[in-house]
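The residues making up each chain are set out below.
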Amino acid sequence: MFGMTQETYLLVDALVTIIGLVLLITKFKVHPFIALTIAAGFLGLTSGMPVEKVMKSFQDGFGGVLGFVGIILGLGTMLGKLMADSGGADQIAQTLIRRFGKDRVHWAMMFSAFLVGIPLFFEIGFVLLIPLVFIVARRSGVSIVKIGIPLLAGLSAVHGLVPPHPGPLLAIGIFNADIGKTIFYGLIVAFPTAIIAGPIFGKWIAKRIPGNPSQELMDQIAKESTNENLPSFAITLVTILLPVFLMLLKTFADVALPAGHIFRIWMDFIGHPISALLFALLLAFYTFGSARGFSREHVMKLLDQSLAPVAAIVLIVGAGGGFKQMLVDSGVGNLIGHMAVQAQISPILLAWLVAAVIRVATGSATVATITGAGIVAPVVGMVPGVNRELLVLATGAGSLILSHVNDAGFWLVKQYFNMTVVETLKTWTVMETILSVVGIILIMLLSLVV
């Protein structure tokens, strides 16, 4: 190859593939699922893998990811939909607003988003909670940006850093990290990060860009909940936080008890993300369903509706898994691993950087997390004593950086808040970047301790 070593060729090949992937998604507007599939096939064929192995490798990666994350996404989405339609999300927000009062209502928004966001996809959490931003802005007369930014920060922080979100869960699978510890560290990092990027930054930027919600959107969305029979604050909280509690219990059992202990074996089953979410969903059938007077048919209809928006996400996540597998099987992953080891850069910082670059390029936090983790994973085997849970969080933090015009979330925020592109860059994009940078600083500090 024109005097190129095999290593250099592989690296150039991977670089060309990733640039091609970015162009397909951004310039040629190819659906990310198809773009990832094409990119994976291209990388396999050009990297010198045997032709008969190429699609097999993609298929294994796709199935490996969806065998786990596909199930989680389905259960989490169903849980979120029931919480929204029963008025549980509304109840959390109303309670916090009453407790915090008008002057600190932007803090209340961040806490609600933080709690409600735990079982939910960012986009779904956004659509669920945006009516609250409008209702609160109307009731309290506080600027929509001052209330909205903390809400977005709360949602975004848990989306990037706290399992059972698909991004962190994917990275946990790839890095082989412990889920309970990741949740625990994730909450330690996500909370102060959300505070700085949310209420503190939001209050400052709102003085400069107050935002001006469109009147028709205000009239359409800012309806107060008509359901008289809202689930109580406590019941809503117990239902949403049950999966997190069960996963943390599993970790506690793993730390406290010897392997093979009967209680530990059962806790590992109950605290597995799939069973934990399933238990929460079954509880929600009662707390958010029949106890609210919903018929079985109505609950079934809600569950059906909830799954349609997730189909695309599931396919993209799967194709991301296939692409990751191709990076591994073609030997690119190992190569990057060796280079990182020689360059003496901290693997945690490397994970953040790689995810950040892919995020800025593709606009998808999920694609950034899964590709970034796939590229950095081989490093873990070569550098002894890297904390795997912190690698997961670093990848997640990197995947949040600099959301701009190639990210669906950017346009979602722009339209709802009725801002120009420049205003959206100054509010939303800066907030996402603060989350990412503060996140990695806290993760590096945490790595000195754990």
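Predicted model only: the values in this text are computed from it and were never measured.

Asker: Can you walk me through the overall build of the chain in this structure?
Answerer: For the chain, the count of helices and strands is 21 helices and zero strands. A buried classification covers 57% of the 450 residues belonging to the chain. A separation threshold of at least 6 residues defines the contact pool for the chain, and within that pool the share at least 24 residues apart is 81%. When the accessible surface of the chain is split by element, carbon and sulfur atoms take 68% of a total near 18400 Å².

Asker: It is not clear to me how the packing of aromatic side chains should be interpreted in this structure. Could you clarify?
Answerer: Aromatic rings in a pair are described by how distant their centres are and how their planes are angled relative to each other. On inspection of all chains with the given rule, the structure shows eight aromatic pairs. Between the aromatic rings of Phe 114 and Phe 191, the centroid separation amounts to 5.2 Å while the plane-to-plane angle is 85 degrees, which identifies the pairing as edge-to-face. Residue Phe 114 is found in helix 5 (residues 105-116), and its partner Phe 191 is found in helix 9 (residues 179-206); the two are separated by 77 residues along the sequence. Look at Phe 114 and you get buried, because its relative accessible area is 6%. On the basis of relative accessibility, which here comes to 29%, the residue Phe 191 falls in the partly exposed class. Among the aromatic residues, those joined into a cluster by ring pairs are Phe 100, Phe 111, Phe 114 and Phe 191.

Asker: Mind showing me how you'd approach the side chain of Thr 427 here?
Answerer: You can see Thr 427 is positioned in helix 21 (residues 421-449). Within the local environment of Thr 427, its side chain forms a polar contact with the backbone oxygen of Glu 423, the two atoms lying 2.8 Å apart.

Asker: Where do I start with the pattern of salt bridges in this structure?
Answerer: Considering all chains together, one arrives at four salt bridges under this definition. The residue Asp 60 makes a salt bridge to Lys 56 at a minimum N-O spacing of 2.8 Å. Here Asp 60 pairs with Lys 56, and both are found in helix 3 (residues 51-86), just four residues apart, close to one helical turn. Overall, the relative accessible area of 40% leaves Asp 60 in the partly exposed class. With relative accessibility at 44%, the residue Lys 56 sits in the partly exposed group. The salt bridge involving Asp 268 is made with Lys 250; its shortest N-O contact spans 4.0 Å. Linking Asp 268 in helix 12 (residues 262-270) with Lys 250 in helix 11 (residues 233-256), this pair joins segments that are 18 residues apart in sequence. Judged by its relative accessible area of 27%, Asp 268 is partly exposed. One connected set of salt bridges, linked through shared partners, spans Lys 250, Asp 254, Arg 264 and Asp 268.

Asker: Help me out: how do you make sense of unusual backbone geometry in this one?
Answerer: A negative phi holds for most residues other than glycine; trans holds for most peptide bonds. Notably, Lys 29 is not glycine yet its phi reads approximately 55 degrees, a positive angle. Here Lys 29 is to be found in the loop between helix 1 (6-26) and helix 2 (32-46). A relative accessible area of 65% places Lys 29 in the exposed class.

Asker: Is there a simple way to explain the nonpolar core in this structure?
Answerer: Where a protein is soluble and globular, its nonpolar side chains tend to be buried together. By size, the foremost hydrophobic cluster in this structure holds 138 residues, and its most contacted members are Phe 126, Leu 152, Phe 175, Phe 417 and Met 431. Sorting elements by how many residues they give to this core places helix 3 first, with 13 residues. In contact with Leu 152, other than residues within four places in its own chain, are Phe 122, Phe 126, Val 413, Phe 417, Trp 428 and Met 431.

Asker: Looking at this structure, how should I read helix 1?
Answerer: An α-helix turns once every 3.6 residues. As a result, residues three or four positions apart point the same way. Spanning 21 residues, helix 1 covers 30 Å between terminal C-alpha atoms, matching the ideal 30 Å at 1.5 Å per step. Within helix 1, burial applies to Tyr 9, Leu 10, Asp 13, Ala 14, Thr 17, Leu 21, Val 22, Leu 24 and Ile 25.

Asker: Where do I start with the side chain of His 106 in this structure?
Answerer: By the secondary structure assignment, His 106 is in helix 5. A relative accessible area of 3% places His 106 in the buried class. Beyond its immediate stretch of four places on either side in the chain, His 106 contacts Lys 146, Pro 150, Pro 199 and Lys 203.

Asker: Honestly, the environment of Ile 200 in this entry has me stumped. Any pointers?
Answerer: Structurally, the position occupied by Ile 200 is in helix 9. Setting aside its immediate chain neighbours within four residues, Ile 200 contacts Trp 107 and Ile 195.

Asker: Sorry if this is basic, but what is going on with the environment of Leu 277 here?
Answerer: Looking at where Leu 277 falls in the secondary structure, it is placed in helix 13 (residues 273-289). For Leu 277, the contacting residues outside a window of four places in its chain are Ile 72, Leu 75, Gly 76, Leu 79, Pro 164 and Pro 243.

Asker: For this particular structure, what's the right way to read the packing of helix 1 against helix 2?
Answerer: Between two packed helices, the angle of one axis relative to the other and the distance separating the axes together describe the packing. At a minimum axis distance of 9 Å, the contact between helix 1 and helix 2 shows a crossing angle of 160 degrees. The orientation of helix 1 with respect to helix 2, classified from their angle, is roughly antiparallel. Here helix 1 runs over helix 2; the crossing is right-handed. The residues of helix 2 that touch helix 1, namely those facing Tyr 9, Asp 13, Ala 14, Val 16, Thr 17, Leu 21, Leu 24 and Ile 25, are Pro 32, Ala 35, Leu 36, Ile 38, Ala 39, Phe 42, Leu 43 and Thr 46. The class makeup of the residues in the contact of helix 1 with helix 2 is 13 nonpolar, two polar and one charged.

About the cut-offs
Residues numbered from 1 in each chain as written. Predicted model: local features only at pLDDT ≥ 70, side-chain atom pairs only at ≥ 80, totals over all residues. Heavy atoms only, no water. Helix = DSSP H or I, 4+ residues; strand = E, 2+ residues; numbered from the N terminus. Buried < 20%, exposed > 50% of the residue type's maximum accessible area, 1.4 Å probe, protein only. Contact = heavy atoms within 4.5 Å. Areas by Shrake-Rupley, 256 points an atom, 1.4 Å probe, with all protein chains shown as cover. Phe/Tyr/Trp six-rings, centres within 6.5 Å; stacked < 30°, edge-to-face > 60°. Polar contact = N/O pair within 3.5 Å; in protein donor to acceptor, adjacent residues only side chain to side chain. Salt bridge = Lys/Arg side-chain N within 4 Å of Asp/Glu carboxyl O. Core = buried A, V, L, I, M, F, W, Y, C linked by side-chain atoms within 4.5 Å. Expected span 1.5 Å × (residues − 1). Axes fitted to C-alpha atoms, helices over the stretch in contact; angles between N-to-C directions. Parallel < 35°, antiparallel > 145°, perpendicular 65-115°, else oblique. Left-handed = near helix turned anticlockwise from the far one by under 90°. Nonpolar A, V, L, I, M, F, W, Y, C, P; charged D, E, K, R; others polar.

By themselves, these figures tell us nothing about what the structure is for.
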